[in-house]
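Fold and contact review
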Amino acid sequence: MSKMASKLLLTITYLSFSILFCVSVSTTSHHSHPPTTTNYKPNLLVLPVHKDPATGLPWAYVHKRTPMTLVPLLLDLNGNHMWINCQTHYSSRTYQAPSCHSTQCSTATTTQTCHTCVGSSLPRPGCHNNTCALMSTNPITQQIAMSELAQDVLAINAAANNGPRLGPTVTDPQFLFSCAPSSLVQKGLPNKVEGVLGLGHGPISLPNQLASHFGLQRQFTLCLSRNPTSTGAVLFGNPQKLFGYTNNKFDLSRDLLYTPLTVSPQGEYYMEISSIRINGHSVFPVTPSSSSLLSSSLYSPSGMLGATLISTTAPYMVLHHTIFETFRHVFVKQFPMQGQVNAVAPFGLCYDSKRINNAKPPSVDMVVKVEKSRREVSWSISGDNLMVQARPGVTCLGVVNGGTSPRAAIAIGTRQLEEKVVVFDLVKSRVGLSSSLCSRGRSCSDLFGFSNKS
């Protein structure tokens, strides 16, 4: 092997492993050839997750194609499948486009619409005739585009059985996704991201395909890092054994509170919040005099008041207009009014950072029902999960007015999820919520700082 080839191989190897060592790397695609094991049966799979500093949204590299390539994708907790811009730079020897009446098409969609490529004389990824059509959505702009169902290799790291260490890389040679047009990635998404990684409860979402192919328990765990230079993770499978393998024998499983999880017909994840309190003062439910202003969006898919969407594509908590105004009113009474300054979009309440430097922000309690019990407990949001530095010298409340017709009455945004562990247990229809890891001197980066030595 020449010196140049050796240097290239070392560079590629570094990039492959650096995303697993909490090292911030470029968001461009890189060719990578991770070692794979065909006979290894994993119990837990690991996907490192990064934070985009410009948008505050999480993204991840996914190993795909032949030769294997690192593809940066936005993490969409409620997306029903993975879609990738195939119109530019998609090259793979193992790409396939299932026909519109194939088994793969029946698995992916109930409509089985045939896809026809217009404006191209030569077939290419994303552009074949009589193939299976899927609708792909940009979750930031809500733009929708007709896409081609595709099948190609996907590789992902397993977790070792002896603690937070990486095991072998395993592959799904027939992973289903959609090839979307380049117009879908041109607005709203983090820079250089090439598509969306859907974690929703759709038939070909990443969690469901991994669970089916590898025989994993149908649950996944999310831990997002607040620091753009550190790394969080999504874990697929049952993480309970791993939770006990941390420094100082800190067992995370004891810190989780479980509340019922509702999945909408679109595969979105909701939980019910019975009330919101700021320093003990009620914000939600709203008073009877205000309830007439509320729309049906205050109700969950099962018809319960307090529909609360959990989202990774909203950078901050989003509240129905009526709830937001009450929230703002109560919050102002609990924090120094003399420090207020003109609000910085998209926020509705901001302060002079110096004038509130020594003031402790109020604690926000989201009151939820404990699984299989009528007992209610509080999931607290405070500190950096609540306040945001919007620009130098200005700190804002990290809660946004969603107007009168939001997607949900309450949406828990990425900021509120950072440095917390969230377990989506689809077998038991429950979601597990941890307190802030920072309160225990921990972070997602050190808790799930996987080593490459098994």
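Residues numbered from 1 in each chain as written. Predicted model: local features only at pLDDT ≥ 70, side-chain atom pairs only at ≥ 80, totals over all residues. Heavy atoms only, no water.

Section: the sheet that holds strand E19 (residues 340-341)
With antiparallel pairing, four strands are arranged side by side in an open sheet as E19-E20-E24-E23. In the strand order of this sheet, the two ends are held by E19 and strand E23 (387-391), each with one partner. In terms of strand pairing, E23 meets strand E24 (residues 394-397) through four bridges, oriented antiparallel. Across the sheet, the residue bridging to Gln389 is Thr395, located in E24. (Pairing = 2+ DSSP bridges. Helix = DSSP H or I, 4+ residues; strand = E, 2+ residues; numbered from the N terminus.)

Structural notes on the packing of aromatic side chains
For the structure on display, the rule yields eleven aromatic pairs. Residues Phe220 and Phe424 carry aromatic rings whose centres are separated by 4.9 Å and whose planes lie at 15° to one another, so their mutual orientation is stacked. Of this pair, Phe220 sits in strand E11 (residues 219-223) while Phe424 sits in strand E27 (residues 421-425), and the two are 204 residues apart along the sequence. Residue classification places Phe220 among the buried residues on the basis of a relative accessible area of 0%. (Phe/Tyr/Trp six-rings, centres within 6.5 Å; stacked < 30°, edge-to-face > 60°. Buried < 20%, exposed > 50% of the residue type's maximum accessible area, 1.4 Å probe, protein only.)

A few points about the sheet that holds strand E22 (residues 376-381)
Backbone hydrogen bonds hold the strands of a sheet together, and the pairing may be parallel or antiparallel. With antiparallel pairing, the four strands of this open sheet are ordered in space as E16-E15-E21-E22. In this open sheet, the two edge strands, each paired with only one partner strand, are strand E16 (281-284) and E22. Geometrically, the sheet is characterised by an average inter-axis angle of 35° between neighbouring strands, direction not taken into account. Across four bridges, strand E15 (residues 275-278) lies against strand E21 (residues 364-369) in antiparallel orientation. Directly across from Ser275, in E21, lies its bridge partner Val367. Packed onto the sheet, helix H6 (residues 321-333) meets E15, E16 and E21 and runs at close to 160° relative to E16. (Axes fitted to C-alpha atoms, helices over the stretch in contact; angles between N-to-C directions. Contact = heavy atoms within 4.5 Å.)

Describing the environment of Ala150
Secondary-structure assignment places Ala150 in strand E8 (residues 144-159). With 64 residues separating them in the primary sequence, Ala150 and Cys86 have C-alpha atoms 10.0 Å apart. Beyond its immediate sequence surroundings of up to four residues, Ala150 is in contact with Tyr95, Gln96, Pro98, Phe175, Leu176, Phe177, Ser178 and Cys179.

Focus: the nonpolar core
Phe177, Phe236, Phe327, Phe331, Met366 and Phe424 are the most contacted members of the largest nonpolar core, which has 76 residues in total. With six residues, the top contributor of residues to this core is H6. When residues no more than four places from it in sequence are discounted, the contact partners of Phe236 are Asn43, Leu44, Leu45, Leu47, Ile156, Leu199, Leu206, Pro207, Leu210, Leu216, Gln219 and Phe220. (Core = buried A, V, L, I, M, F, W, Y, C linked by side-chain atoms within 4.5 Å.)

A few points about the state of the cysteines
Following the criterion strictly, the structure yields six disulfides and no others. Across the disulfide, Cys223 is cross-linked to Cys444 (sulfur-sulfur distance 2.0 Å). Between Cys223 and Cys444, the S-S torsion sits near -85°, and that sign places the bridge as left-handed. Taken together, the positions of Cys223 in strand E11 and Cys444 in helix H8 (residues 444-447) put the pair 221 residues apart, joining distant regions of the chain. Each member of the pair, Cys223 as well as Cys444, is classed as buried. Paired by a disulfide, Cys350 and Cys396 hold their sulfur atoms 2.0 Å apart. Measuring the twist about the S-S bond at about 100°, one finds the Cys350-Cys396 disulfide to be right-handed. One end of the pair, Cys350, is in strand E20 (residues 350-352); the other, Cys396, is in strand E24, with 46 residues separating them in the sequence. With respect to class, Cys350 is no different from Cys396; both count as buried. Bonded cysteines in the protein chain are paired 1-8, 2-4, 3-7, 5-6, 9-12, 10-11 when counted in the order they occur along the chain. In this structure Cys438 is not part of a disulfide, and its nearest cysteine sulfur, from Cys444, lies 8.1 Å away. (Disulfide = S-S within 2.5 Å.)

Focus on the pairing of strand E17 (residues 307-310)
Here E17 shows two buried faces, one formed by Ala307 and Leu309 and the other by Thr308 and Ile310. Bridge count for strand E14 (residues 269-272) against E17 is three bridges, and the pairing is antiparallel. The partner of Met271 across the bridge, within E17, is Thr308. Bridge analysis of E17 against strand E26 (residues 410-412) gives three bridges, and the strand direction is parallel. Across the sheet, residue Leu309 finds its bridge partner in E26, namely Ala411.

Topic: a nonpolar patch on the surface
Residues Met135, Ile144 and Met146 make up a contiguous nonpolar surface patch of roughly 290 Å² in combined accessible area. Inspection of the secondary structure puts Met135 in strand E7 (residues 131-137). You can call Met135 partly exposed: its relative accessible area is 45%. (Patch = residues over 30% accessible without salt bridge, like charges linked within 9 Å, V, L, I, M, F, W, Y side chains within 5 Å. Areas by Shrake-Rupley, 256 points an atom, 1.4 Å probe, with all protein chains shown as cover. Salt bridge = Lys/Arg side-chain N within 4 Å of Asp/Glu carboxyl O.)

Brief notes about the confidence of the model for the protein chain
Per-residue confidence for the protein chain gives a mean pLDDT of 84, with 82% of residues at or over 70. Mean pLDDT values over the elements of the protein chain span from 38, in helix H1 (residues 3-18), up to 98, in strand E10 (residues 195-198). The model gives residues 1-33 a pLDDT under 50, and that stretch makes 65 contacts with residues more than four places away or in other chains. Note on residues 288-295: pLDDT is under 50 here. Beyond four places in sequence and across chains, it has nine contacts. (pLDDT = per-residue confidence, 0-100.)

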